[in-house]
Amino acid sequence: MGKVLIIGAGGVGTVVAHKVAQNPDVFTEIMIASRTKSKCDAVVKAIGNPNIRTAQVDADNVDELAALFNDFKPGIVINVALPYQDLTIMEACLKTGVNYLDTANYEPKDVAHFEYSWQWAYKQRFEEAGLTAILGCGFDPGVSGVYTAYAAKHHFDEIQYLDIVDCNAGNHHKAFATNFNPEINIREITQNGRYYENGQWVTTQPLEIHKDLTYPNIGPRDSYLLYHEELESLVKNFPTIKRARFWMTFGQEYLTHLRVIQDIGMARIDPIDYQGMKIVPLQFLKAVLPNPQDLGENYEGETSIGCRIRGLKDGKEHTYYIYNNCSHQAAYKETGMQGVSYTTGVPAMIGAMMFLKGLWKRPGVWNVEEFDPDPFMEQLNKQGLPWHEVFDGDLEL
Ligand code: NDP
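What counts, and where the lines are drawn
Residues numbered from 1 in each chain as written. Predicted model: local features only at pLDDT ≥ 70, side-chain atom pairs only at ≥ 80, totals over all residues. Heavy atoms only, no water. Near = heavy atom within 4 Å. Polar contact = N/O pair within 3.5 Å; in protein donor to acceptor, adjacent residues only side chain to side chain. Areas by Shrake-Rupley, 256 points an atom, 1.4 Å probe, with all protein chains shown as cover. Nonpolar A, V, L, I, M, F, W, Y, C, P; charged D, E, K, R; others polar. Helix = DSSP H or I, 4+ residues; strand = E, 2+ residues; numbered from the N terminus. Buried < 20%, exposed > 50% of the residue type's maximum accessible area, 1.4 Å probe, protein only. Contact = heavy atoms within 4.5 Å. Pairing = 2+ DSSP bridges. Axes fitted to C-alpha atoms, helices over the stretch in contact; angles between N-to-C directions. Disulfide = S-S within 2.5 Å. Parallel < 35°, antiparallel > 145°, perpendicular 65-115°, else oblique. Left-handed = near helix turned anticlockwise from the far one by under 90°. Arc of directions from axis to C-beta. Salt bridge = Lys/Arg side-chain N within 4 Å of Asp/Glu carboxyl O.

Asks: Describe in detail the site of the ligand, supporting the description with residues and values.
Replies: Inspection of the region around the ligand gives 28 residues, with Arg35, Thr36, Lys39, Ala59 and Asn181 positioned closest. A distance of 2.8 Å separates a nitrogen atom of the ligand from a polar atom in the backbone of Ala59. Within the contact set of the ligand, an oxygen atom lies 3.0 Å away from a backbone nitrogen or oxygen of Asp140. Protein contact buries 93% of the 940 Å² of open area that the ligand shows by itself. Its residues assigned to classes, the shell around the ligand shows 13 nonpolar, 10 polar and 5 charged.

This is the structure we're talking about:
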């Protein structure tokens with residue numbers, strides 16, 4: 001059906017490459033391009049399909065990207081590099097007439113600030129070019145938005161309360177490691193918390209609000225209120241929402257390490273002078289932390305991510321919980337990567353599949369919940385992320 005170009009050969013890029021290769025009826029030609037070509041070649045070797053092309057590209061450079069797009073002529077680009085590259089890749093797509101999909105909203109390198117405004121500003125240009133851009137198509141953001149759209153379509157007249165709950169109950173047997181790019185991960189977690197209530201955004205101190213939530217097949221885990229980017233688009237696209245929050249579990253050991261990292265200045269994102277060089281402490285820290293791509297082999301346990309929703313159907317209040325549990329070991333056996341990369345890469349592949357099948361093809365810039373959730377939900381069950389529903393249970397929230 002179409003050619004796909006994957007940009008980024010990290011944990012998520014590796015899973016995307018495996019999954020597109022498993023669906024050759026949709027993805028007829030595949031290329032993986034990244035800053036380090038040898039990493040792309042290693043992914044291709046692991047998949048064992050010599051027809052997958054690889055290339056070196058600096059995704060901060062629009063002209064380099066445009067030259068690559070003109071050479072390969074992809075139908076869609078799956079951007080699983082870093083959020084810093086979103087805008088340059090979108091620019092290159094506009095220059096060369098290529099459609100776009102990503103899993104994380106643009107962040108400037110010098111401020112850890114999460115909002116869609118920079119990417120939503122491209123809406124008119126994508127519309128005029130007749131191109132589709134699909135934003136935030138990982139698990140959260142991504143499946144969290146599709147779950148919400150599915151609940152709104154099938155189970156509620158009015159969604160009023162939305163809590164996205166993200167539990168990683170896995171154990172990688174390292175003293176401290178992050179499950180995806182450490183720089184992006186630590187920037188996200190050390191921010192102030194924020195949630196939406198009655199038309200206003202309420203700001204909290206970082207990790208100030210927390211409570212035990214019970215996760216299926218896992219049990220109770222301390223869950224912390226964080227700001228997460230999909231809250232912004234979901235309250236806009238579902239205006240009946242009175243309150244929207246995002247919760248993520250952290251163990252005490254992880255939080256102690258994080259506090260020390262911050263206290264000693266290693267989470268700083270401003271450049272400092274070191275022996276005549278400028279270095280960013282958080283980028284240096286990334287270089288010495290375990291690589292998230294290497295965590296899979298000894299990773300036990302599972303992730304559990306879902307949406308807990310309360311709202312009205314036929315004038316009556318109902319609750320609804322929809323979730324997926326993903327085993328780190330099963331993900332590793334299939335793709336060589338742990339569950340967090342897997343739960344992000346599979347939905348990115350499905351989003352591109354939705355586009356190439358013409359089901360999610362609409363000129364402009366869109367968040368996932370603005371498309372029909374049904375064909376995407378069907379694929380989640382087929383592609384390794386089956387979902388489960390609980391009707392009128394206790395949401396604990
Ligand atoms: P990694 O750091 O493992 O991989 C990032 C890849 O991008 C690396 O291969 C890196 O190259 C490449 N890259 C970085 N900068 C450039 C550049 N300028 N030009 C070309 N390639 C570049 O990250 P992850 O795989 O863990 O995460 C990928 C993305 O997925 C991130 O944006 C992250 O925020 C997002 N994500 C989304 C989630 C969701 O549920 N929505 C959850 C988890 C992650 P090199 O190898 O040379 O460093």
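Asks: Can you lay out the environment of Thr103 for me, pointing to particular residues and giving the numbers?
Replies: Here Thr103 lies in the loop between strand S5 (99–102) and helix H5 (117–120). Thr103 gets classed as buried once you look at its relative accessible area, which sits at 15%. Placed 34 residues apart in sequence, Thr103 and Cys137 show a C-alpha to C-alpha distance of 4.6 Å. What Thr103 contacts, discounting residues up to four positions off in sequence, is Asn79, Val80, Gly136, Cys137, Gly138, Pro141, Glu229, Thr344 and Ala348.

Asks: So what about helix H1 (residues 11–21)? Which residues, and what values?
Replies: With 11 of 11 residues buried, H1 is to be regarded as a mostly interior element. Of all the residues in H1, the buried ones are Gly11, Val12, Gly13, Thr14, Val15, Val16, Ala17, His18, Lys19, Val20 and Ala21. Buried positions along H1 lie against strand S1 (2–7), strand S2 (27–34), helix H2 (37–47), strand S4 (76–79), helix H12 (328–335) and helix H13 (339–356).

Asks: Outline the sheet that holds strand S17 (residues 364–367), supporting the account with residue identities and numerical values.
Replies: Strands sit in the order S3-S2-S1-S4-S5-S6-S17 across an open sheet of 7 strands; the sheet is parallel. The sheet terminates laterally at strand S3 (53–56) and S17, the two strands that pair on one side only. Shown here is a sheet whose adjacent strand axes are inclined to one another by a mean of 20°, direction ignored. Pairing analysis gives 4 bridges linking S4 to S5, with the strands arranged parallel. Within S5, the residue paired with Ile76 across the bridge is Asn99. Against the sheet, H1 touches S1, S2 and S4, its axis set at about 165° to S1.

Asks: Give me the lowdown on the state of the cysteines, citing residues and values where you can.
Replies: Applying the stated criterion across every chain yields a total of 0 disulfides. Just so you know, Cys137 is unpaired, no disulfide at all, and the nearest cysteine sulfur is the one on Cys307, 14 Å from it.

Asks: Could you give me a rundown of the packing of H1 against H13, with the residues and numbers involved?
Replies: Close contact between H1 and H13 brings their axes to 8 Å; oriented N to C, the two are set at 50°. Regarding the angle of H1 to H13, the classification is oblique. Every pair of crossing elements has a handedness; the one defined by H1 and H13 is right-handed. Residues Gly11, Val12, Val15, Val16, Lys19 and Val20 of H1 form the contact with H13, whose participating residues are Ser341, Tyr342, Thr344, Gly345, Val346, Ala348 and Met349.

Asks: Tell me about H2, and name the residues and values.
Replies: Residue pairs spaced three or four apart in an α-helix point in one direction, given the helix's 3.6 residues per turn. Those residues of H2 that sit buried are Cys40, Val43 and Val44. Looking straight down H2, one finds that the buried residues subtend no more than 95° of arc, so they occupy a single side. Turned more than 90 degrees from where H2 packs its buried face, Lys45 and Ala46 sit exposed. Packed against the buried residues of H2 are H1, S2 and S3. Gly48 lies just past H2 and shows a positive phi near 80°.

Asks: Account for the pattern of salt bridges, with residues named and values stated.
Replies: A full pass over the atoms with the stated rule returns 18 salt bridges. Residues Lys37 and Asp41 are paired through a salt bridge, measuring 3.2 Å at the closest nitrogen-oxygen approach. Here Lys37 and its partner Asp41 are both found in helix H2, 4 residues apart, which amounts to about one turn of the helix. Put simply, Arg245 and Asp163 hold a salt bridge, and the shortest N to O gap is 2.8 Å. Of the two residues, Arg245 sits in strand S12 (residues 243–249) while Asp163 sits in strand S7 (residues 158–168), which places them 82 residues apart along the sequence.

Asks: Tell me what's going on with the environment of Pro363, and back it up with residues and numbers.
Replies: Along the chain, Pro363 turns up in the loop between H13 and S17. Overall, Pro363 belongs to the partly exposed group, its relative accessible area being 37%. When residues no more than four places from it in sequence are discounted, the contact partners of Pro363 are Phe126, Glu127, Gly130, Leu131 and Thr132.

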